[in-house]
Structure formats: structure tokens, C-alpha cells
Amino acid sequence: VNTSVSDDKLWKIYHHTRVFHDNLVRSINSGNKVALVCNLKSHIHTYMEYFTKELGVKSEEILAITGSMPEALRIFAGDPNGSWNNYRVILYNNSLGPGASYDFPSVFEVYGVCAAESGFDPVLALQLYNRIRTPINNVIHVLVLHKELSPYHSVCSGEKLLEKMC
């Protein structure tokens, strides 16, 4: 894990999926609220399925913000201060429009999965990760995927996980 400090935030950059996902699962299982940024919509759907089926998070506790969501829900989700407190897990990609910010301190832990081969714009990535202005412990966790995860790639204590990722 590489670390860097900027804007009073500690950035933890992971290159090993197991360590990243162990931390993510630990956060969710401990009851913390989690915001997860993914640059691929397929990852959002995969995580949503994993959180509900494997971790027992109720689907109504998850807000997945993608370009294919109904417009009324997108408008609702685009006001983080007014809507995000109702959810345990927020999943989003760059379809979350500019100007959206969550300003309540220390409510969400922030995680991100960046598939490097997709050409994710670093400036856009920083904007998305910083939508939560003050994450829990001021830490942002980012997994950089340098290659596709193989089917059934073990990332959490030997479990079959994220079968559909990439």
C-alpha cells in the first residue's frame, strides 16, 4: 500500500486486491457507511450484487448512481447533502454531475476502484473521490487495477468474489 497526504487527506493506493477488499468488507461489516467510486459501470453492478448477496446489505440501503438510472432518481442522487444520508452504501461513477458534494464530516468511508486500462482521467478521478469532502478519518482508499481480474479472483479471505468484474 502506497500512501500520500494531500488536502489534509491520507490517500492509500492499493495494488493488491485482497488487502483493499479486506478493508472494504471490514468497513461495511462494521456498520460504517461507504462511498465507492468505480470508473466502470460493470464494477458498480458487480459490487452492488456482492454487497447484497454476500454481505447482506439490503438493496434499499444502496444507492448506485450511473448514467442509466431514471432521471428523477439521478436528480435526487445529485443532491448528496439531501439524499445520501438515507443510504449505507453509495456507488457512483462519472455520471454524478459536477458540483455534487457531500459536506457532512466523518459519515462515509471513501473507496475507489480504478481500472487503469479504461483511460480514467486523473483529474476527473480526483474530483469524484473528493465528492465526500471529509471522509471518516480523512482517508481515501483507491485500488488501481492494472489488468483484468480473473473470474473468481480471490480477494477476501479465500472467498469466490466479484466473478463478473471486468
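Because the structure is a prediction, the values reported are computed rather than measured. (Residues numbered from 1 in each chain as written. Predicted model: local features only at pLDDT ≥ 70, side-chain atom pairs only at ≥ 80, totals over all residues. Heavy atoms only, no water.)

Visitor: Help me understand the nonpolar core in this model?
Guide: Soluble globular proteins tend to bury their nonpolar side chains together. In this structure, Leu63, Ile65, Trp84, Ile90, Tyr92, Tyr129 and Ile132 are the most contacted members of the largest nonpolar core, which totals 24 residues. Of all the elements in the fold, those that place two or more residues in this core are β3 (33-38), β4 (62-65), β5 (89-92), β6 (108-115), α5 (122-129) and β7 (139-145). Sequence-distant contacts of Leu63, that is, excluding residues within four places in its chain, are made with Met69, Leu73, Ala77, Trp84, Tyr87, Val89, Ile90 and Leu91. Grouped together as the second largest cluster of nonpolar side chains are 22 residues, Ile28, Leu55, Leu91 and Tyr111 included. (Core = buried A, V, L, I, M, F, W, Y, C linked by side-chain atoms within 4.5 Å. Buried < 20%, exposed > 50% of the residue type's maximum accessible area, 1.4 Å probe, protein only. Helix = DSSP H or I, 4+ residues; strand = E, 2+ residues; numbered from the N terminus. Contact = heavy atoms within 4.5 Å.)

Visitor: Whenever I open this one, unusual backbone geometry confuses me. Can you help?
Guide: Of all residues except glycine, most have a negative phi; of all peptide bonds, most are trans. In this structure, Asn137 is a non-glycine residue whose phi angle is positive, near 60 degrees. Counting through the fold element by element, Asn137 comes out in the loop between α5 and β7. Since its relative accessible area comes to 66%, Asn137 is described here as exposed. Even without a glycine there, the phi angle at Asn138 is positive, about 55 degrees. Looking at where Asn138 falls in the secondary structure, it is placed in the loop between α5 and β7.

Visitor: Honestly, the state of the cysteines in this entry has me stumped. Any pointers?
Guide: Working definition of a disulfide: a covalent bond connecting the sulfur atoms of two cysteines. The final tally for this structure, using the stated rule, is zero disulfides. The thiol of Cys38 is unpaired, and the distance to the nearest cysteine sulfur, on Cys114, comes to 10.0 Å. Looking at Cys38, the relative accessible area reads 0%, which means it is buried. (Disulfide = S-S within 2.5 Å.)

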